[in-house]
4 protein chains.
Amino acid sequence: MLAFECDYNNGAHPALLQKMAETNETPEAGYGMDVYSRSAAEKIRAFCGTPNADVYFLAGGTQTNVVVLSAILEPFEGAVCAESGHIHVHEAGAPEYAGIKTLTLPSHAGKIDAGELEAFVERFYADEAHEHMVFPGAVYLSHPTEYGTLYTKAELEAIAAVSDRFGMRLFLDGARLGYGLMSRTTDVGIADIAALCDIFYIGGTKVGALCGEAVVFPNGTMPKHFANHVKKHGAMLAKGRLIGAQFDALFTEDLYLSLGKHGIDAAERLKTILKEKGYRFFLETDTNQQFVILENEQMRLLSESIRFSEWEPFDKTHTVVRFATSWSTREEDLEALKELL
Amino acid sequence: MLAFECDYNNGAHPALLQKMAETNETPEAGYGMDVYSRSAAEKIRAFCGTPNADVYFLAGGTQTNVVVLSAILEPFEGAVCAESGHIHVHEAGAPEYAGIKTLTLPSHAGKIDAGELEAFVERFYADEAHEHMVFPGAVYLSHPTEYGTLYTKAELEAIAAVSDRFGMRLFLDGARLGYGLMSRTTDVGIADIAALCDIFYIGGTKVGALCGEAVVFPNGTMPKHFANHVKKHGAMLAKGRLIGAQFDALFTEDLYLSLGKHGIDAAERLKTILKEKGYRFFLETDTNQQFVILENEQMRLLSESIRFSEWEPFDKTHTVVRFATSWSTREEDLEALKELL
Amino acid sequence: MLAFECDYNNGAHPALLQKMAETNETPEAGYGMDVYSRSAAEKIRAFCGTPNADVYFLAGGTQTNVVVLSAILEPFEGAVCAESGHIHVHEAGAPEYAGIKTLTLPSHAGKIDAGELEAFVERFYADEAHEHMVFPGAVYLSHPTEYGTLYTKAELEAIAAVSDRFGMRLFLDGARLGYGLMSRTTDVGIADIAALCDIFYIGGTKVGALCGEAVVFPNGTMPKHFANHVKKHGAMLAKGRLIGAQFDALFTEDLYLSLGKHGIDAAERLKTILKEKGYRFFLETDTNQQFVILENEQMRLLSESIRFSEWEPFDKTHTVVRFATSWSTREEDLEALKELL
Amino acid sequence: MLAFECDYNNGAHPALLQKMAETNETPEAGYGMDVYSRSAAEKIRAFCGTPNADVYFLAGGTQTNVVVLSAILEPFEGAVCAESGHIHVHEAGAPEYAGIKTLTLPSHAGKIDAGELEAFVERFYADEAHEHMVFPGAVYLSHPTEYGTLYTKAELEAIAAVSDRFGMRLFLDGARLGYGLMSRTTDVGIADIAALCDIFYIGGTKVGALCGEAVVFPNGTMPKHFANHVKKHGAMLAKGRLIGAQFDALFTEDLYLSLGKHGIDAAERLKTILKEKGYRFFLETDTNQQFVILENEQMRLLSESIRFSEWEPFDKTHTVVRFATSWSTREEDLEALKELL
C-alpha cells in the first residue's frame with residue numbers, strides 16, 4: 001500500500017533520532033529549560049535573523065494555535081481567519097473551548113484577501129453595535145494554507161498593513177513552513193515572515209520531526225509568564241528535551257530547508273506524473289499538497305492500492321482528493337505510484 | 001425625539017408593575033422557588049398545552065441562549081445557526097466563552113433552510129475527518145428572526161425532521177415570540193412550537209416585561225441540576241420573584257398575546273405610513289421590525305428627530321435602517337412619525 | 001410563618017417601586033446607557049467621594065464576582081479568599097467556569113488575616129515551582145462577611161498594604177455593605193473602602209432593591225471594553241433602567257444608609273431577644289446576620305413556625321442556624337418571634 | 001553535578017529509542033490509530049487483566065488529568081482531592097481553565113482518608129444549599145502520591161466503596177505507577193487498581209519514556225467521542241506512533257516493571273546512604289522520592305554539587321528537600337552522592 005495521504009505518516013529524520021540517542025543519558029533540566037532547547041532557540045533566532053526573538057517549543061499544531069491565540073488576545077477579541085482555516089474547521093472546537101471566536105473571511109484557495117480583511121474590520125468599527133460583537137484582535141494565516149497555496153510577499157505586506165492599522169496581531173501558522181520556504185515559485189523568505197508577522201511558528205511535526213512546533217515572537221513580545229499559560233493548557237512537556245533535541249538537529253546545517261526541498265522536489269515529480277496520466281487538478285499547488293478530482297468509482301479502485309485523503313465532494317459523482325509528499329517521500333514510491341495510477 | 005429604534009426602550013406594562021407592587025411585602029423563597037414563579041410556570045404550561053413541561057425563568061436573551069446551549073450540548077457538539085443568528089453575531093462571544101462553537105448556514109432573510117441544514121449535516125458525517133470537527137448538536141432558530149421574518153409551519157416541520165433524524169436538539173429563541181404569534185400571516189401557533197421544538201423560550205423583555213425569558217422544555221427534559229448550571233453562569237437571581245411576578249401577570253387573561261397584537265397593529269400602521277411616504281423597503285415583514293433603505297444624508301437628517309437603528313450598509317450612499325414598534329407604541333407617536341417622515 | 005431565613009425574601013423598598021413606576025413610560029436607551037443609570041452612577045460617585053470613579057451596574061452577586069474577577073485577573077492569576085468565601089463555597093463553580101482558581105486562606109469568622117495573606121504570598125514567590133502554580137492576582141474580601149463579621153479599618157489597611165506590595169488588586173464584595181456601613185461598632189466608612197480597595201461593589205439586592213449591585217472602580221480603572229466583557233458573560237440587561245432606576249432611588253436622600261440602619265436596629269433587637277431567651281450564640285455579630293446553636297429536635301420544632309437557615313452542623317446533636325434581619329424587618333415580626341422562641 | 005532533583009531529567013530507556021528507530025520508516029496512520037499504539041493498548045489490557053478496557057495515550061500528566069476529568073465530570077461536578085494533590089497545586093490552574101473545581105480534603109502525607117471523604121460527601125448532600133455548590137463527581141488520587149507515599153489495598157477499597165456509594169468516579173493518577181507497583185512493601189497490584197478504579201493512568205514520562213501516559217478505562221467506559229475531546233484540548237499528537245511505539249516497548253517482556261524495580265532499588269540504597277550519613281527524614285517513603293530536612297546553609301552548600309528539589313520550608317532555618325531516583329539512576333551516581341553528603 002502506497003502512502004500519500006498526508007505528511008505525518010512517517011517517523012523522524014534519522015539525524016533527529018541520532019541527536020536524541022546521543023543526548024539520551026545526560027541529565028537535563030525539565031520543562032524546556034534544557035540545553036538542547038536553548039541551543040535550538042538560538043539557532044532559530046539566527047535562522048530568522050531576529051536576535052531578540054522569543055522562541056518557545058510546543059508539541060503540535062492545534063495546541064500551538066490555541067495556546068498562542070489565548071495568550072495574545074484580549075478577553076473581548078477573537079481571531080480573523082479564512083473559512084477554510086484549520087482553527088475554524090479542523091480543531092474540534094479547541095479555540096472555542098479556550099473562549100476564542102473565529103471570525104471568518106472568504107477563502108480564496110485557502111487564503112484571505114487583504115482588501116476583504118480591511119473591509120471587514122472597517123465595517124466592524126463602523127457598526128454602532130460593535131461593543132456587542134467580538135473584536136478582531138488577531139489575524140490567523142496559514143502558509144502554506146490548508147490547500148497548499150502560498151501568500152506572495154505583496155499579499156503578506158498588504159495583510160500586515162491592515163493588521164497594523166487596526167492594532168491586530170498577525171499570526172502565521174507555519175505547520176508546513178519548510179515546504180513553503182522551499183517552493184520553487186515563492187518570493188517569501190523567513191526574513192519576510194519575521195519582519196511582517198507578530199508571531200509565527202515553524203512546524204516540525206510535518207517537516208522531519210516526531211512532534212514539535214517552534215513558536216517565534218520575532219520582536220521579543222512573548223506574553224508575560226507564557227510558560228504558565230502553556231502549563232495551564234496542559235501543553236508543557238516534562239521532558240522538553242524531546243522537542244529541543246529535534247529542533248537542534250533540524251536547524252543544524254540547514255537540515256530543515258533541505259527537508260523542505262525534498263518534499264517540494266517530490267511534489268513536482270508527483271505533479272508531472274499526475275499530469276502525464278491525465279488527472280484533472282482541482283488545485284495544482286507549488287507546495288507538497290496536490291488536489292485532484294476523481295470519479296467516485298475510480299477513487300474506490302485506487303484506494304485499494306494507494307492511500308490518499310478524501311478532501312471534499314466535488315459533485316455527485318466526483319470527489320476532490322489530496323496527495324501529499326513530504327521530506328520522507330521516496331523515489332521508489334513515486335515510481336510505484338506512476339505504475340498504479 | 002420619537003423612539004422607534006428598538007422594542008426595549010420602554011419599561012413594563014402597568015399590570016406587571018402592579019403585580020410587583022401588590023406582592024412586594026410578602027416574604028417569599030428565593031432563587032425562583034417563590035409562589036409567583038411557580039404560578040407563572042403553571043400558566044405557561046397551560047398556554048403551551050404541555051402539562052409536563054419544565055419551565056425556568058432567566059433574565060435576558062444572551063444569558064438564556066448560553067445557559068441553555070451549554071446545558072444541552074455534549075462536549076463534542078456545537079450549535080448550527082444562520083449567519084445572521086444572534087448567538088453568532090451579537091453576543092460578544094458569549095457562546096464561545098462557554099466553549100460553544102456556532103456552525104453557520106446561509107441566512108435567508110434571517111432564516112435557515114431545512115434542505116441546506118440537511119446537506120450540511122450529511123456532509124459533516126460523510127467527512128472522514130469529522131472526529132476532528134465540532135459535531136452539530138443543536139439547531140438554533142430565532143422566531144421572529146433578527147430580520148423580523150417568521151418560519152412557516154411547513155418550514156419548522158422540515159427543520160424538526162432533520163434535527164430528529166440526526167439526533168440534534170431543536171432550540172427556538174423566542175425573544176420576540178409574542179409578535180411572531182400575533183403576526184397576521186403566520187400559521188405557527190404556540191402548540192406547533194411546543195410540538196416541534198425540544199426547547200424554546202418565551203421572551204418577556206421585549207414583550208411587556210422589564211426583564212425575563214421563560215425557558216420551556218415542553219417534554220420535561222430539563223437537564224439534571226439545571227439550577228446549578230444557571231448558578232454557575234451567574235444567571236440566578238436571588239429574588240426570582242422579580243421575573244416570576246412579571247410572567248404571572250403576563251400570562252393572566254391573555255395579556256402576553258394582547259401585547260403582541262398591539263405591537264403588530266402598530267407595525268402594520270407603520271408599514272402603511274412608510275409606504276405612503278414612498279420609502280423603499282429592504283425587508284417588509286409581518287412582525288414588529290421593518291427595514292427600509294435610506295440615503296445617507298436623508299438618514300442623518302431624520303436622525304435629528306427620530307431614533308431608529310442603523311442596521312447595515314446597503315451601498316456606498318445608502319444604509320439599511322430598522323424601525324421597531326412594540327407593545328408600548330402609542331398611536332400619537334405613529335402620527336408624529338408620519339409628520340416627520 | 002415568620003421569615004428570618006435570609007435578607008432577600010422580600011421585594012423592593014416602596015421608593016424604588018415608585019421610581020420605576022414614575023419613569024416607566026419614558027423611552028430610554030438600553031444596555032445601561034439610560035438616564036437613570038447615569039444619574040445613579042453620579043450619586044454613587046458623590047456618596048463614595050470619588051469623582052473619577054467608574055460605576056457599572058450588574059444584576060446579582062455571583063454574576064458580579066465572576067465578571068469583575070475575570071476582567072481584572074491576568075490569565076496566570078487567581079483570587080485569594082477565605083475558605084468560607086462566597087466565591088469558594090456557594091457559587092456552584094462559577095469562578096472556575098470562568099477559569100478562575102480560588103486560593104484559600106483560613107477563615108477567622110469569615111475574615112482573612114493580613115499576616116497570613118502576606119505569608120502565603122511570600123511563600124508563593126519563594127517557591128521554586130511557582131511558575132507551575134496559580135499566581136495570587138486579586139484578594140477577595142466580603143464585608144460584611146458570610147458570617148456577618150466586619151473588618152476593622154486597621155485590618156483593611158493591613159490587607160491593602162500586602163495587596164499593594166505584591167501588585168494584587170483588592171476587591172471587596174459588598175453584597176451586604178449597607179448593613180456593614182451602619183453597624184454600630186464599625187470604624188470603616190465608605191470613604192475608607194473607596195480609598196483602600198481597587199474595586200468594590202455596593203449591594204442592592206439585599207439592601208432594598210429587587211436586584212442589582214453597583215460595581216465601583218474608585219480610581220477610574222475599569223478595564224477597557226468592560227461592557228463587552230459583561231455581555232460575554234450574559235450579564236447585560238437590555239433594560240438597564242431596571243437597575244439604574246432602583247439605584248437612583250437608593251442613593252436619593254440617604255435611603256441606602258437608612259435601610260442599612262433599619263436592618264441593624266432590627267438585628268440589635270433580635271440579639272436582645274435571643275439573649276433574653278437564653279439562646280447560645282455561635283457567632284454574635286454587629287450586622288444583620290446572627291448565628292445560634294440549636295439542639296436538633298428544638299430546631300425541628302421551631303422550624304414549624306419560623307423560617308431560618310440551617311448553616312452547618314455544630315456537633316452530632318446540634319446545628320448552627322442563621323437568623324437574618326433586613327431593611328424590611330417589621331417590629332411586629334420581631335415581637336411575634338419573641339413569642340415563639 | 002549529580003542530578004537527584006527529579007525523575008524526568010533523563011531521556012528514554014534504550015529499548016524505547018530502539019523501537020522508535022526500528023519502526024521509523026514505516027508509514028503509519030496518524031492520531032493514535034497506528035499499529036504500535038494498538039499493539040501497546042493490547043499489551044496494557046493484558047497487563048491489567050482487563051480484556052475489555054479502553055486504552056488511550058496522551059503526552060503528559062497535567063494534560064491527562066485535565067482531559068480525563070473534563071470528559072468524565074458532569075457540568076455540575078468537581079473533583080475531590082488532597083490539598084497536596086497535583087491537580088490542586090501544581091497545574092497552573094489547568095483544571096479550573098477547563099471549568100473544574102478541586103474540592104480539597106486534608107492531606108495525610110499526600111493521601112486522603114476514606115472516612116474524611118465520606119464525611120465530606122455526606123455533609124455536602126446534607127447541606128440545604130448544596131445545589132449552589134460544586135457536586136463531588138470524581139475522586140482524584142495519586143499513587144504514589146506527590147509525597148512518595150502509597151495507599152494500601154484496604155485504603156483503596158475503602159475509598160472505592162465511598163466513591164461507589166455516592167456515584168463518584170474514582171480516578172487514579174499513576175504518573176509514577178511503576179515505582180508504586182514495585183515498592184517492596186505495597187500490597188496493591190495492577191489488578192487491584194484495575195478492579196477498584198474507574199479510570200487510571202500508567203505513567204510513562206517518569207518511568208522510562210520521553211513522554212506519554214496510558215489512560216485506562218478498565219471497564220470499557222471511555223466517554224463517547226473521547227478523541228474529539230482530546231483534540232479539543234490540543235492534546236492529540238499527529239504522530240501518535242511516538243507514544244505508541246514507546247509503550248509497546250515498555251510493555252514488552254515486563255520492561256515497565258523492571259524499570260520500576262530499578263528505581264526502587266536505587267531509592268532503597270539512597271535511603272541507606274542518607275541514614276548512614278545521619279540525615280533527618282521529613283518523610284521516608286517506600287517509593288522513589290525521599291524527603292529530608294536540611295539546615296538552610298547546609299542546603300546551599302550541597303546544592304553546589306548536587307541537584308535536588310527544594311520542597312517546602314520546614315521552619316525558619318530549615319527546608320524540606322526531595323531526592324528522587326528513577327529507572328535511570330546509576331550505581332556510580334549513588335556512590336558519588338555518598339561521598340558528597
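Colleague: Where do I start with the overall build of chain A in this structure?
Modeller: Per the secondary structure count, chain A includes 14 helices and 13 strands. Compactness check: chain A gives a C-alpha radius of gyration of 20 Å against a globular reference of 20 Å for 341 residues, within 12% of the reference. Taken along the three principal axes of its C-alpha coordinates, chain A extends 60 × 55 × 35 Å. Within chain A, counting contacts between residues at least 6 apart in sequence, those at least 24 apart form 71% of the total. Put simply, chain A shows about 11,600 Å² of open surface, and 51% of that area lies on carbon and sulfur atoms.

Colleague: Honestly, the sheet that holds strand β13 (residues 318-324) of chain C in this entry has me stumped. Any pointers?
Modeller: Two pairing modes exist for strands in a sheet, parallel and antiparallel, and in both the strands are linked by backbone hydrogen bonds. Residues and elements named next belong to chain C. Reading across the sheet, the four strands line up as β9-β10-β13-β12 and stay open at both edges, with antiparallel pairing between neighbours. The outermost strands of the open sheet, each flanked by one partner alone, are β9 (280-283) and β12 (309-315). Put simply, the sheet's adjacent strands are angled 35° from each other on average, direction ignored. Pairing of β12 with β13 involves five bridges; the strand directions are antiparallel. Each bridged residue has a counterpart across the sheet, and for E312 the counterpart in β13 is V320.

Colleague: Explain the interface of chain B and chain D here, please?
Modeller: A common measure of how large an interface is: the accessible area buried when the components associate. At the interface, 15 residues of chain B touch 15 residues of chain D. For the chain B and chain D pair, buried surface summed over both sides reaches about 1,400 Å², with 56% attributable to carbon and sulfur atoms. Summed over the shared surface of chain B and chain D, the number is zero salt bridges. Put simply, chain B and chain D have eight residue pairs in polar contact (both at pLDDT 80 or more) between them. Per element, the largest residue contribution to the side of chain B that touches chain D is four residues, and it comes from helix α10 (residues 226-232) of chain B.

Colleague: I'm lost on the relation of the copies chain A and chain D in this one. Help?
Modeller: Look at the two chain copies: a rotation about an axis and a shift along it is all it takes to match them. Once chain A is rotated about the relating axis by 180° and shifted along it by 0.0 Å, it coincides with chain D to within an RMSD of 0.0 Å. Both chain copies can therefore be described as sitting about a two-fold axis. The fraction of interface residues of chain A whose copies in chain D are also interface residues reaches 98%, indicating that both copies meet through the same surface.

Colleague: Looking at this structure, how should I read the side chain of N288 of chain D?
Modeller: Residue and element names in this part refer to chain D. Structurally, the position occupied by N288 is in the loop between β9 (280-283) and β10 (289-295). Assessed through its relative accessible area of 0%, N288 is described here as buried. In this structure the side chain of N288 is engaged in a polar contact, spanning 2.9 Å, whose partner is the side chain of D7. A distance of 2.9 Å separates a polar side-chain atom of N288 from the backbone oxygen of T325. Once you skip the residues sitting within four places of it in the chain, N288 turns out to touch D7, R176, Y179, G263, I264, A267, F323, A324 and T325.

Reading the values: the criteria
- Residues numbered from 1 in each chain as written.
- Chains lettered and ligands numbered in written order.
- Predicted model: local features only at pLDDT ≥ 70, side-chain atom pairs only at ≥ 80, totals over all residues.
- Heavy atoms only, no water.
- Helix = DSSP H or I, 4+ residues; strand = E, 2+ residues; numbered from the N terminus.
- Rg over C-alpha atoms; globule rule 2.2 N^0.38 Å.
- Contact = heavy atoms within 4.5 Å.
- Areas by Shrake-Rupley, 256 points an atom, 1.4 Å probe, with all protein chains shown as cover.
- Pairing = 2+ DSSP bridges.
- Axes fitted to C-alpha atoms, helices over the stretch in contact; angles between N-to-C directions.
- Buried area = accessible area lost by both parts, 1.4 Å probe.
- Salt bridge = Lys/Arg side-chain N within 4 Å of Asp/Glu carboxyl O.
- Polar contact = N/O pair within 3.5 Å; in protein donor to acceptor, adjacent residues only side chain to side chain.
- Least-squares fit on C-alpha atoms with pLDDT ≥ 70 in both.
- Buried < 20%, exposed > 50% of the residue type's maximum accessible area, 1.4 Å probe, protein only.

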